[in-house]
Amino acid sequence: MKTTNKLTSIVSNFTLLFVLMLIITACNSSNKIAESSERTKTNINNNWLYLENDTEQISEAIENKDWQQINLPHSWNSLDATDLDPGYRRSGSWYKKTIDVNINANSIYELYFEGVNITSKIFVNGTKVGTHIGGYIGFTIDISDALKSGENEIIVRVDNSYDPEVIPSQQSDFFIYGGITRDVWLQSKPKTHLANLKYTTPKVSEEKATLEGTVSVINGNTSSKVKAILKDKENKIVAENIFSVDNGLAKISFYAIKNPKLWDTDNPNLYTIEVSLLDENNAEKDKISDKVGFRWFEFKDHGAFFLNGKRLLLRGTHRHEEHAGVGAAMSNEQHRADMELIKEMGTNFVRLAHYPQDPEIYKACDELGLLVWDELPWCRGGVGNDTWKTNTKNMLTEIINQNYNRPSVIIWSLGNEMYWLPDFEDGGKIEKMNSFLTELNDLSHQLDPTRKTAIRKYYEGSDIVDVFSPSIWSGWYSGSYKSYQKAIDQYKKEYKSFLHAEYGGSSHVGRHTENPITGEGAIQADGWEEAIVQTDVANIAQIGDWSENYIVDLFDWHLRISENDSTFVGNIQWAFKDFGTPLRPENAIPYMNQKGLVDRAGNRKDAFYVFKSYWSKDPFTYIESHTWTEREGPQGLARDVSVYSNCKEVELSLNGKSLGTKTRNTKEFPAAGLNWNLQFREGENTLVSSGKTTDGKTVTDKLIINYRFTKNQKAEGLKLSYSVLENGNYLVTAIAFDKNGLRCLDYENRVYFQCLSGGETMKSLGTPTGSESIEMANGKASIEVKRNSKNKPLEMMVLNQNFKGTYLTVQ
């Protein structure tokens, strides 16, 4: 009995010792896991505090009691820029956030800002950890030394004050928003890690492609190795190899990628490259990845553009980075929506004007198949001093480095209208301009020999860069749009690589006329060079009606020319979306450049469908115009109706009776021949267009038009009405009427809305229903109103210089 107990005791002790050893081993193993370091990237947009105070002293900012809670992205000019008060805030502000971090001794911690406008200072726990100059470029700040385990306070001072040493120039025709206008990330990585992965595809054909690149190894040793794997979109490995590291740099190369799936604008095939850092035992210590697109391109001298050996007409538009209500502080969803809408139109090229944009934009362009002109924000202002030059070169370097791997990018633009309105004495002199432009051009090719450089509208430097765009504004700032072919024929001969950037004109949504002003006989018909600064030169921008009817004709003519010119590189319409500018307070919507194909909220104008009819493969028909449902004219007078469609044949019917089928022909004008001359009856008229698709299906559009034979007389008053929108807000509409109560379809004067009580107007949005001051469109103007309480009446007023205030009460 004693022996058994003794044996049991020995076994129990042994078991206890074994379990203890397992626990110790597990603990040691657990410690090793904790000490190992993997990359992390955490979005920290939410729950920031904002202080609108210009002090430069962090102590004063911290002690201030006026901090307000906000989320990023954020701009203090989101509404301020487009309100009715002249000017907008150009000053400094502060942002603050507390983050909780469990420090790993083997990790490096960084803050990654996608964009802070326009200069910034960053503090962590009261210690200044970094600064940045330039509001449109991402940057990373190492905060490891200032960080501690537990709670940490991040404070950022942002300043968009006027500074002539930082581009873009104050003279630019767009707002320079202030704030942390893009995403912010907290990221960590091992102390020994990979960085600066860059690659090119120097030889690409349909049969074979090569990839060459480099990657830096930070804090590595002589035994470090790098493994690279290339995968196709089905995640199949198509190439892999291990490469040695020499002086902290590994050269990566794949020379025999067979039958690559090429990246192009219709099929933007993307591969994934994964790069791993290996130790002497081939254990993975760090890993990074990126996307790869195999493509090649060429601008033929005095000829067309080729992508992957095939001629591609560049069908382009421009994008400014802003949206109604948020200014430049757009969400990734809003960025993506812009690019998807641009692609829906059939676009294959986008110029990012006049500055580099959010990372989501380049990602979308890679994935959607949009070629990119990326632009250094040297916009007007001339050449500056030495500090200005250093800042500008640094920005160009950052732009190229951050988007070096993007297959969508084919052009680094070095500036736009740079000579105009110099900020520095003698800053507009040609010799100074050309000297610095040459430096930028050389720097660009040194940093990236694979892409082209470009500028727009600086003629004296046209032979310095690879691609040049002169200024052609036929039918808007000069001459008639019918001179467009003459203009491009001249410039194709004059410039080796001529790409036409910027053309178009303004349109005020809902403004229509039976006889749009074209300027024939009133302006120089053959002119096309921009005359915007020559106020004594008549142009359509000054004397036109800004109707949607005129602008669809202008675009229709331009596209008819470009689509039928086999040696034309292509053109880039200005601009895709209405955007804000401090230089245009007198516009129909104050402070808005209204040259967009969509309004500032992304709602399509008529002009959008003109481009879609030429460019998109998705079948549709669109009767011009869904914002022109009230028309008038004498009985018996025929009217033209155009249908924009990409279908080969389209039939139009009026009030149930077919008006015949027409065949689309891009050499005909207007609407590629899809134009009918018809007579409306008095009262309600129903138009239906039907187009046949290639697979035998039918696409249709329907439009109901109220037509009257009686012309309105002079306006003598305004009346208000309302409707309830899907979001629960009210749309309050003002109508100008004559003595007989008829709507005055020719009344275009400005009106002013005001909410007297019970709600608030959705003002300062820069949209057709988001401005308290707006010109009428065919005797009509509207504003969206948010009601505070249904228990209290909503009281609205509209007035102008011609009529006394008109009131509306909603009980």
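From a predicted model like this one, the values you see are computed outputs, not experimental measurements. By convention here, each chain's residues receive numbers from 1 onward along its written sequence. Only residues with pLDDT of 70 or above have their local features reported here, since the model is predicted, and side-chain atom pairs are shown and tallied only from 80 upward, although totals for entire chains, interfaces and linings are computed over all residues. Think of the side-chain values as coming from all heavy atoms in the structure, minus any hydrogens and water.

## Overview of the pairing of strand β17 (residues 284-292)
Selection rule: At least two bridges found by DSSP between two strands is the condition for calling them paired. What counts as a helix is a DSSP run of H or I of at least four residues, what counts as a strand is a run of E of at least two, and both are numbered from the N terminus.
Sheet analysis places strand β16 (residues 271-278) next to β17, joined by eight bridges and oriented antiparallel. Across the sheet, the residue bridging to T272 is K291, located in β17.

## A closer look at the sheet that holds strand β15 (residues 249-258)
Heads up, the condition is: Between N-to-C directions, angles cover 0 to 180 degrees, with each direction set by a line fitted to C-alpha atoms, over the stretch in contact for helices.
Spatially, β11-β12-β15-β14-β13-β16-β17 is the arrangement adopted by the seven strands of the open sheet, whose pairing is antiparallel. The strands lining the two open edges of the sheet, one partner per strand, are β11 (193-200) and β17. The mean angle between the axes of side-by-side strands here comes to 20 degrees, regardless of whether they run parallel or antiparallel. The pairing of β11 with strand β12 (residues 208-218) spans six bridges and is antiparallel. Looking at β12, one finds that H193 is bridged to I218.

## Brief notes about the nonpolar core
Filter applied, for reference: Working definition of a nonpolar core: buried Ala, Val, Leu, Ile, Met, Phe, Trp, Tyr and Cys residues. They are joined through side-chain atoms within 4.5 Å. Each residue's exposure class comes from its accessible area (1.4 Å probe, protein chains only) as a fraction of the maximum for that residue type: buried when under 20%, exposed when over 50%, partly exposed otherwise. Contacts: residue pairs with any heavy atoms within 4.5 Å of one another.
Core analysis: the biggest nonpolar cluster contains 113 residues, and M339, W378, L437, F555 and L687 have the highest contact counts within it. Of the residues forming this core, the biggest block, eight residues, is contributed by helix α9 (residues 548-563). Setting aside residues no more than four positions away along its own chain, L687 makes contact with I623, V641, L652, S653, L654, L678, F680, D701, K702, L703 and I705.

## Some thoughts on helix α3 (residues 332-344)
To keep it simple, the criterion reads: The span you would expect from a helix comes to 1.5 Å times its residue count less one.
Under the 1.5 Å per step criterion, the end-to-end length of α3 is 18 Å for 13 residues, consistent within 8% with the ideal 18 Å. All buried positions along α3 are accounted for by H335, R336, D338, M339, L341 and I342. Among the structural elements, β21 (314-319), β22 (349-352), α4 (359-368) and α10 (606-615) are those in contact with the buried residues of α3. Count one or two residues on from α3 and you reach G346, which has phi positive near 100 degrees.

## Here we look at the environment of F436
If you trace the backbone, F436 turns up in helix α6 (residues 430-447). F436 gets classed as buried once you look at its relative accessible area, which sits at 1%. With 53 residues separating them along the chain, F436 and V383 place their C-alpha atoms 7.6 Å apart. If we skip the residues at most four places from it in the chain, F436 touches W378, V383, W388, K389, T392 and K393.

## Notes on the state of the cysteines
What counts is decided by this rule: We call a pair of cysteine sulfur atoms a disulfide whenever their separation is within 2.5 Å.
Scanning all chains against the criterion turns up zero disulfides. For the unlinked cysteine C365, the closest cysteine sulfur is that of C379, found at 20 Å.

## Section: unusual backbone geometry
What is expected of a backbone is that most residues other than glycine have negative phi and most peptide bonds are trans. Note that the residue after W574, namely A575, is joined by a cis bond; omega there is -15 degrees. Relative to the assigned elements, A575 resides in the loop between β28 (570-573) and β29 (579-580). For the bond from E624 to S625, the omega torsion is 10 degrees, close enough to zero to count as cis. Here S625 is to be found in the loop between β31 (621-623) and β32 (630-632). Phi angles above zero are rare outside glycine, and D426 is one such case at about 65 degrees. Along the chain, D426 turns up in the loop between β24 (409-416) and α6. A relative accessible area of 36% means that D426 is categorised as partly exposed.

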